[in-house]
Amino acid sequence: MAKYGIDIPSARFLTFEGGEGVGKSTQVKRLAARLSEQDIPVVRTREPGGTPKAEAIRSFILQGKPESWGVGAEAVLFAAARLDHVNGLIAPALEDGKWVICDRFADSTRAYQGLTGGVEDGLIDALEDLALNGQRPDLTLILDMNPEVAFERVRQRALDDGMPAIADRFEKEDIEFHRRLREGFLTIAKDNPDRCVVLSADQDEGALAADIWQVVTQRFPELVPEEEPA
Ligand code: Z5A
């Protein structure tokens, strides 16, 4: 039993998606903390990564090593990492009754490598079927904002962390790519209205967290504690 005498709601799989710097990691942490306050067992994870093998693929990809292999091969690598993540962490956690909140998931492959990178839908669909093994998210929150504003956040974070080279990289990013990426995520939301909710990320952290909580409790009303009798 959780606080307030309600049963622990059954396991759910939630994903956060969107462009770089829109605040996904920040909101994943906040939502996990809020669920934990209600004694709901939560696993917080991310993609690419989440298991040792998937983290190894993450560092290989993020070091830019497979760039010369082409975007199709990159999509296959993301799917390989996802397959291990689903089988090694996500599915077992859900079977254990835990809520899983994942920072990026299969929609990122569709948006980055597919809709923006040009990998054909057939390959993206096949990789998704293979890697997900039937484990589709119950709810996907797509955080949406102008990429120029999001980049300024990431650039500022890099400067604050004493990493001017990373700040420089964001100044040189191809903004047109990120505009198309934003449209890609909005297309995914339009194509999956039962699963995806788009939220404006261009607001302060607390206000966005409140919007997210409202969506989550509307979707899963079992989370709202019963009123104490007066
Ligand atoms: N990728 C792919 O191509 N295909 C795939 O299938 C998958 C991934 C799964 C993953 O890198 C890369 O892999 C990514 C997509 C690709 N591409 N790149 N490059 P990552 O996971 O390391 O990068 P990211 O997902 O874009 O993370 P991020 O840059 O850290 O962004 P974020 O998680 O959305 O934002 P944040 O870390 O929560 O916040 C960013 C900064 O803004 C930080 O300083 C916060 O304190 C600040 N912040 C957060 N919220 C706010 C608000 N509301 N107001 C003001 N400032 C805020």
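What counts as what
- Residues numbered from 1 in each chain as written.
- Predicted model: local features only at pLDDT ≥ 70, side-chain atom pairs only at ≥ 80, totals over all residues.
- Heavy atoms only, no water.
- Helix = DSSP H or I, 4+ residues; strand = E, 2+ residues; numbered from the N terminus.
- Rg over C-alpha atoms; globule rule 2.2 N^0.38 Å.
- Buried < 20%, exposed > 50% of the residue type's maximum accessible area, 1.4 Å probe, protein only.
- Lys, Arg positive; Asp, Glu negative; His and termini not counted.
- Charge placed at Lys NZ, Arg CZ, Asp CG, Glu CD.
- Near = heavy atom within 4 Å.
- Polar contact = N/O pair within 3.5 Å; in protein donor to acceptor, adjacent residues only side chain to side chain.
- Areas by Shrake-Rupley, 256 points an atom, 1.4 Å probe, with all protein chains shown as cover.
- 1 Å grid on protein atoms, 1.4 Å probe; cavity = no way out; pocket = protein on both sides within 12 Å on 5 of 7 lines; lining within 4 Å.
- Points joined across faces, edges and corners; volume = space filled by probe spheres on them.
- Nonpolar A, V, L, I, M, F, W, Y, C, P; charged D, E, K, R; others polar.
- Pairing = 2+ DSSP bridges.
- Axes fitted to C-alpha atoms, helices over the stretch in contact; angles between N-to-C directions.
- Contact = heavy atoms within 4.5 Å.
- Core = buried A, V, L, I, M, F, W, Y, C linked by side-chain atoms within 4.5 Å.

Draft legend 1. Layout of the overall build of the protein. Within the protein one finds nine helices and five strands. Scanning the protein from its N terminus toward the C terminus, one meets helices and strands in the order β-α-β-α-α-β-α-α-β-α-α-α-β-α. Compactness check: the protein gives a C-alpha radius of gyration of 18 Å against a globular reference of 17 Å for 230 residues, within 12% of the reference. Across its three principal directions, the C-alpha atoms of the protein cover 65 × 35 × 35 Å. Counting across all 230 residues of the protein, residues that qualify as buried make up 45%. In the protein, 27 side chains carry a positive charge and 41 a negative one; their mean positions are 3 Å apart.

Draft legend 2. Representation of the site of the ligand. Near the ligand there are 23 residues, and of these Lys24, Ser25, Thr26, Arg104 and Thr109 occur at the shortest range. Measuring from an oxygen atom of the ligand, one finds a side-chain N or O atom of Thr109 at 2.5 Å. A distance of 2.8 Å separates a nitrogen atom of the ligand from a polar backbone atom of Gln203. Here the ligand loses 80% of its free accessible area of 1100 Å² to cover by the protein chains. For the shell around the ligand, the elements supplying multiple residues, two or more each, are helix 1 (24–37), helix 2 (52–62), helix 3 (71–95), helix 4 (106–116) and helix 6 (147–160).

Draft legend 3. Spatial organisation of the layout of surface pockets. The space that makes up the second largest pocket amounts to roughly 200 Å³. Looking at the second largest pocket, it is lined by 18 residues, and the ones nearest its centre are Asp107, Arg110, Ile188, Asn192 and Arg195. Broken down by secondary-structure element, the contributors of at least two residues to the lining of the second largest pocket are strand 1 (13–18), helix 4, helix 5 (121–132) and helix 8 (175–191). In the lining of the second largest pocket, the residues fall into six nonpolar, four polar and eight charged.

Draft legend 4. The arrangement of the side chain of Glu128 in detail. Inspection of the secondary structure puts Glu128 in helix 5. Looking at Glu128, the relative accessible area reads 12%, which means it is buried.

Draft legend 5. Focus on the sheet that holds strand 5 (residues 196–200). Overall, parallel pairing links the five strands, which are arranged 2-3-1-4-5 in an open sheet. Where the open sheet ends on each side, the last strands, each with one partner, are strand 2 (42–46) and strand 5. The average undirected angle you get between the axes of adjacent strands in this sheet is 20°. This element, helix 9 (residues 205–219), spans strand 1, strand 4 (139–144) and strand 5 of the sheet and lies at about 155° to strand 4.

Draft legend 6. Quick peek at the nonpolar core. Within the largest apolar cluster, 25 residues are counted, with the highest numbers of intra-cluster contacts made by Leu31, Leu141, Ile212 and Val216. Listing elements by their share of this core, those giving two or more residues are strand 1, helix 1, strand 3 (99–103), strand 4, strand 5 and helix 9. No other element matches helix 9, which puts five residues into this core. Every residue in contact with Leu141, bar those within four places of it in the chain, is listed here: Thr15, Phe16, Glu17, Val197, Leu199, Ile212, Val215 and Val216. Membership of the second largest hydrophobic core comes to 15 residues, among which are Ala75, Ala79, Val86 and Leu127.

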